[in-house]
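# Results of the structural survey
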Amino acid sequence: MSLDKRLSRDLSPVAVKRSVLASTLQQPLTLYSAAAAVVGGAFAVLINPGAVALGALGIGATVSLGSWLWEYGVQGDKHANNFVSRYRRELEERRQQALDSLVQELQSIGSAEGLRQVNAFRNKYDTFVQVLDRKLTPGELTHNRYLSIAEQVFLGGLDNLENAAIALKSISAIDIDHVRNEIEKGQVTEKAQEKQRVEVLKDRATLWDQQMEHINQLLLDNEKALTQLDHVSARIATIEINKGRSQLDLEDAMKELRRLIQRADNYSDS
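Residue numbers here run from 1 along each chain, matching the order of that chain's written sequence. For this predicted model, a pLDDT threshold of at least 70 governs which residues receive local features, and a threshold of 80 or more governs which side-chain atom pairs are given and counted, while totals over whole chains, interfaces and linings are taken from all residues. To obtain the side-chain values, all non-hydrogen atoms of the structure were used and water was disregarded.

### A few points about the overall build of the chain
Let me state the cut-off plainly: A run of H or I in DSSP counts as a helix once it spans at least four residues, and a run of E counts as a strand once it spans at least two, with each numbered from the N terminus. Summary of the burial criterion: residues with accessible area below 20% of their type's maximum are buried, those above 50% are exposed, and those between are partly exposed, where the area comes from a 1.4 Å probe applied to protein chains only. By the convention used here, residues are in contact when the closest approach between their heavy atoms is within 4.5 Å. Note on areas: Shrake-Rupley with a 1.4 Å probe; residue coverage comes only from the protein chains shown.
In terms of helices and strands, the chain carries nine helices and zero strands. The order of α-helices and β-strands along the chain, N terminus first, is α-α-α-α-α-α-α-α-α. Out of the 270 residues belonging to the chain, those deemed buried represent 39%. Residue pairs in contact within the chain that sit at least 24 positions apart in sequence constitute 74% of those at least 6 positions apart. Carbon and sulfur atoms make up 54% of the accessible area of the chain, which totals about 15,700 Å².

### A word on the confidence of the model for the chain
What counts, and what does not: Note on scores: pLDDT gives the predictor's confidence for each residue, bounded by 0 and 100.
Residues at a pLDDT of 70 or more form 69% of the chain, whose mean pLDDT is 77. By mean pLDDT, helix α1 (residues 13-25) is the weakest element of the chain at 61, and helix α5 (residues 112-135) is the strongest at 91. The low-confidence segment residues 1-10, where pLDDT is below 50, has 28 contacts with residues more than four positions distant or belonging to other chains.

### Here's the deal with the pattern of salt bridges
Put simply, the test is: Take a side-chain nitrogen of Lys or Arg and a carboxyl oxygen of Asp or Glu: if they are within 4 Å of each other, that pair is a salt bridge.
Going through the model one piece at a time under the given rule, you end up with eight salt bridges. The closest approach of N and O atoms between Arg 116 and Glu 113, which form a salt bridge, is 2.7 Å. Linking Arg 116 with Glu 113, this pair stays in helix α5, spanning three residues, or about one helical turn. Its salt-bridge partner being Lys 185, residue Glu 182 comes within 3.7 Å of it at the nearest N-O pair. A residue pair is termed a helical-turn pair when its members lie 3 or 4 positions apart in one helix, as Glu 182 and Lys 185 do in helix α7 (residues 176-186) at three residues. For Lys 185, a relative accessible area of 57% gives the class exposed.

### Examining the packing of aromatic side chains
The criterion, for reference: Only centres within 6.5 Å qualify two rings of Phe, Tyr or Trp (six-membered ring in Trp) as a pair; their planes then separate them into stacked at under 30 degrees, edge-to-face at over 60, and tilted for everything else.
By the definition in use, this model includes two aromatic pairs. Centre to centre, the rings of Phe 121 and Phe 154 are 5.7 Å apart; their planes meet at 15 degrees, and the pair counts as stacked. Residue Phe 121 is found in helix α5, and its partner Phe 154 is found in helix α6 (residues 141-170); the two are separated by 33 residues along the sequence. For the pair Tyr 125 and Phe 154, a centre-to-centre distance of 5.6 Å together with 50 degrees between the ring planes defines the contact as tilted.

The following block contains the structure:
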């Protein structure tokens, strides 16, 4: 069964429980037993309320409910961890694929700032993992969920850098210094044809400025994400896991990372 797409936007405990609920309701034994109960009930109401129909209704409903209670109530944490673990592995694969192609792209266009941010995301993610490993048991549900959130932030940063690289490449053929020099020279002319040429060059300069503004905003968004990773790592490091409020403190520390992901999702959807 494919992962619930809502997990890509929200890895809060409530969202994970919703995904587990949807999964357990679709377990074969739960589903087929419920179908048998529906058929038996419909037959009893519409045709003949005999022993066979009522038996199918009763047994089907009992088995379906029992199966669901077992899968959701007893096996729920296992299902949740399987969901989040699979999702995290998908994120890891996407991140590695993005890194391989992105580094080559940034090197080809000579983006020193882009390469610096790639290394910054690597270092801060590694620091986050090291801190989390000291506070939680690797492989457990909460650990996997928090790692998945950090993976999303990392991947979002790489997406921003990829978009910045594409934007930078789109204007790489514009010699902005030459364009501006030609505009300055053409400002003093009275020739109509030269004035038209200046207007065309101004359009080209405007395009360059707009793309650079877009690129700088993407890089600024990444700097904010990097800073937030620092804040969250530092905050998690100070949480005393053995205290009664530790789980609430951990959830609170991760809220801002989830907000970053949500803002990025909203921006990409707009």
